[in-house]
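Structural characterization, general
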Amino acid sequence: MANAGMVGLDWQQRINWDRLRKYRLERARARMKAAGLGAMLLMYDENVRYVTSTLTPGWNRLKPGLRYAMLCGDDAPVLFEQGDIGMQIERHSPWIPKDHIRWSYAWIKGAAGAASTAQVKKFTNAIKQEMKKANVAGMKLGVDFIDINMLKVFAEEKIDWTDGMTPMMEARAVKNEDEQEALRMVGAIGDAAHWEFMKFLQPGRTENQLTAHIMQYLYSVPGMEDVEDVIVSSGPNTWPNWRNFSDRIVKPGDIVFMDLAALTWNGYKSCYYRTYSAGKEPTSEQKDVYATALKWLYDSIKAVKVGTTTREIASKWPSAKEAWGYAEEDQAAANLWGHGLGLAQYDQPVISRIWSLDHPIEIKEGMVFALETQHGKKFEWGVRIEEMLIVHKDRIEIISNFPVEQITVVDPMPGYSTLAGR
């Protein structure tokens with residue numbers, strides 16, 4: 001069913017959203033039980049979405065605690081939605097039983113001191129009630145977020161809590177056929193966005209104009225929920241990678257890169273860099289540096305297979321000292337990098353020399369992740385490349401298809417001075 005189309009049809013099997021919802025919920029439940037938990041309290045939006053398949057407004061997604069969900073034993077998930085938004089959830093999401101939709105008791109980004117304590121007491125009481133209803137009262141509770149107010153009240157109420165983020169990350173790491181197809185769609189949208197960027201890029205435009213154009217383009221795509229970030233960097237902003245945009249004017253001959261980080265289509269996210277040269281063929285030095293970054297990238301991709309580990313992948317990259325003379329790996333965080341893609345941009349596996357060499361994770365069939373490399377000349381220019389891939393039993397499927405073998409040159413013009421830049 002790969003890339004059949006974006007909408008549902010009666011005559012062709014495409015993404016089976018009902019199967020996807022059931023897969024995610026039962027996978028989360030299985031990891032919860034494997035971790036010895038009676039229940040999980042989920043406050044990060046990617047985890048709430050994973051078990052409830054519900055959508056909340058954008059301002060509600062990045063603030064843990066404005067909404068949250070519980071998964072208790074074998075019961076259906078319980079959603080605590082912000083304010084009266086739950087009435088819309090009842091209307092749009094009939095797979096959540098109506099009597100499992102509540103309003104949340106929020107304090108984060110709104111209350112402090114005595115007010116937050118009062119709210120957390122209501123919050124904790126509701127948690128205890130749900131665990132009692134599901135016959136898991138007194139069992140261990142997994143949580144994916146904790147703050148100082150929760151610590152205090154949980155201790156007073158004798159809530160036996162522990163890490164709930166690890167089982168959720170383990171659950172989200174392996175995608176079923178429907179999630180994989182959703183991520184192929186994300187890749188196809190990314191391909192189109194890079195093609196649009198190539199057509200729109202020209203000297204004289206600013207980084208923010210380029211960003212705005214791609215934002216507008218992406219929000220015209222059916223199923224687009226959010227565009228968390230479009231990174232457009234040019235010239236000296238490309239190295240070290242600022243990962244931002246400004247009102248800088250793109251000059252003739254500038255190296256420019258664009259990253260889709262992260263477009264969100266039906267909940268599923270991208271991360272997808274490509275490098276461009278505006279109006280001029282790259283120099284021999286720039287081509288050589290790009291070739292080095294490309295080799296780093298494809299050496300790591302070739303190391304990906306079922307049963308290997310993130311150690312083998314990260315080992316294909318040079319150390320931060322070898323590549324850039326840095327004192328330690330943390331200074332090069334996200335320069336040579338890999339991360340899972342799904343309802344979050346950082347599903348497992350997250351791959352880095354910072355931790356993968358000592359704390360490897362096994363690569364499994366159904367994982368979907370991005371690998372990215374960069375290199376450059378300090379405060380002059382830099383290149384960045386990224387591929388998104390799906391791990392199958394006997395092969396790797398690349399789902400980012402915009403040309404990558406060389407820097408994409410946009411409308412090259414002859415006649416540049418040989419003294420320019422000296």
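Please refer to the structure higher up on the page.
The sections below set out a description of the structure shown in this document. Remember, it's a predicted structure, so these values are computed and weren't measured experimentally.

Procedures and definitions
Residues numbered from 1 in each chain as written. Predicted model: local features only at pLDDT ≥ 70, side-chain atom pairs only at ≥ 80, totals over all residues. Heavy atoms only, no water. Helix = DSSP H or I, 4+ residues; strand = E, 2+ residues; numbered from the N terminus. Rg over C-alpha atoms; globule rule 2.2 N^0.38 Å. Buried < 20%, exposed > 50% of the residue type's maximum accessible area, 1.4 Å probe, protein only. Areas by Shrake-Rupley, 256 points an atom, 1.4 Å probe, with all protein chains shown as cover. Pairing = 2+ DSSP bridges. Axes fitted to C-alpha atoms, helices over the stretch in contact; angles between N-to-C directions. Contact = heavy atoms within 4.5 Å. Phe/Tyr/Trp six-rings, centres within 6.5 Å; stacked < 30°, edge-to-face > 60°. Core = buried A, V, L, I, M, F, W, Y, C linked by side-chain atoms within 4.5 Å. Polar contact = N/O pair within 3.5 Å; in protein donor to acceptor, adjacent residues only side chain to side chain. Salt bridge = Lys/Arg side-chain N within 4 Å of Asp/Glu carboxyl O.

1. Quick notes on the overall build of the protein
Of regular secondary structure, the protein possesses eleven helices and 18 strands. In terms of C-alpha radius of gyration, the protein reaches 23 Å, essentially the compact-globule figure of 22 Å for 422 residues. Expressed as lengths along the three principal axes of its C-alpha atoms, the size of the protein is roughly 75 × 50 × 50 Å. Expressed as a percentage of its 422 residues, the buried residues of the protein come to 55%. Summed over its atoms, the accessible surface of the protein is roughly 18700 Å², and 52% of this surface lies on carbon and sulfur atoms.

2. Quick notes on the sheet that holds strand β2 (residues 68-72)
Sheet strands associate in pairs through backbone hydrogen bonding, adopting either a parallel or an antiparallel arrangement. Reading across from one edge, β4-β3-β2-β1-β5-β6 is the order of the six strands in this open sheet, with mixed pairing throughout. The strands lining the two open edges of the sheet, one partner per strand, are β4 (101-103) and β6 (161-163). Going from strand to strand, the sheet's axes swing by 25° on average, the running direction of each strand aside. Each of β1 (39-42), β2, β3 (78-81), β4 and β5 (141-143) touches helix α4 (residues 114-133); the most contacted strand, β2, lies at about 25° to it.

3. Details of the packing of aromatic side chains
Under the criterion given, the structure shown has 14 aromatic pairs. For the pair W296 and W324, a centre-to-centre distance of 6.0 Å together with 90° between the ring planes defines the contact as edge-to-face. Pair noted here: W296 is in helix α9 (residues 284-302) and W324 is in helix α11 (residues 320-324), with a separation of 28 residues, a long-range link. For the residue pair W296 and W324, the accessibility class agrees, reading buried in each case.

4. Structural notes on the pairing of strand β12 (residues 273-278)
Burial of β12 is extensive: six of the six residues sit out of reach of the surface. Of the two faces of β12, both are covered, the one formed by Y273, T275 and S277 as well as the one formed by R274, Y276 and A278. In terms of strand pairing, strand β9 (residues 255-260) meets β12 through five bridges, oriented antiparallel. Within the sheet, the bridge partner assigned to D259 lies in β12 and is Y273. Summarising the sheet, β12 and strand β18 (residues 408-410) pair through three bridges and their orientation is parallel.

5. A look at the nonpolar core
It is characteristic of soluble globular proteins that their nonpolar side chains tend to be buried jointly. Counting residues in hydrophobic clusters, the biggest one holds 58 residues, and the most contacted among them are F197, L201, L218, L260 and W265. Considering each element in turn, this core owes the most residues, nine residues, to helix α7 (residues 177-200). If we skip the residues at most four places from it in the chain, L260 touches G190, A193, H194, I214, L218, D229, V230, S270, C271 and Y272. Grouped together as the second largest cluster of nonpolar side chains are 34 residues, Y290, L294, V304 and L371 included.

6. Thoughts on helix α6 (residues 165-173)
Summarising burial for α6: seven of the nine residues are buried, a large majority. The complete set of buried residues in α6 reads M165, P167, M168, M169, A171, R172 and A173.

7. What to know about the environment of D254
In this structure, D254 sits in the loop between β8 (230-234) and β9. As a C-alpha pair, D254 and Y276 span 22 residues in sequence and 8.3 Å in three-dimensional space. Those residues within four positions of D254 in sequence are excluded, and the remaining contacts are S234, G235, R248, I249, Y276, S277 and A278.

8. So, the side chain of R274
Along the chain, R274 falls in strand β12. Taking relative accessible area as the criterion, R274 reaches 1% and is therefore assigned buried. From its side chain, R274 meets the backbone oxygen of F402 in a polar contact 2.9 Å long. Here the side chain of R274 touches P403 through a polar contact of 3.2 Å, landing on its backbone oxygen.

9. Quick notes on the sheet that holds β12
Within the open sheet, the four strands sit side by side as β8-β9-β12-β18. Their pairing is mixed. Unpaired on one side and paired on the other, β8 and β18 mark the two borders of the sheet. Each neighbouring strand pair of the sheet contributes to a mean axis angle of 25°, computed without reference to strand direction. Running at roughly 150° to β9, α7 makes contact with β8, β9, β12 and β18 of the sheet. Against the sheet, helix α8 (residues 207-219) contacts β8 and β9, and its axis sits at roughly 155° relative to β8.

10. Looking at the pattern of salt bridges
This model, assessed by the stated rule, comprises 27 salt bridges. A salt bridge links R31 to E170, with the nearest nitrogen and oxygen atoms 3.0 Å apart. Of this pair, R31 sits in helix α1 (residues 17-34) while E170 sits in helix α6; the two residues are 139 residues apart in sequence, bridging distant segments of the chain. Using a relative accessible area of 29% as the deciding quantity, one classes R31 as partly exposed. What makes E170 partly exposed here is its relative accessible area of 29%. E81 is the salt-bridge partner of R67, the closest N and O atoms lying 2.8 Å from each other. Taken together, the positions of R67 in the loop between α2 (45-52) and β2 and E81 in strand β3 put the pair 14 residues apart, joining distant regions of the chain.

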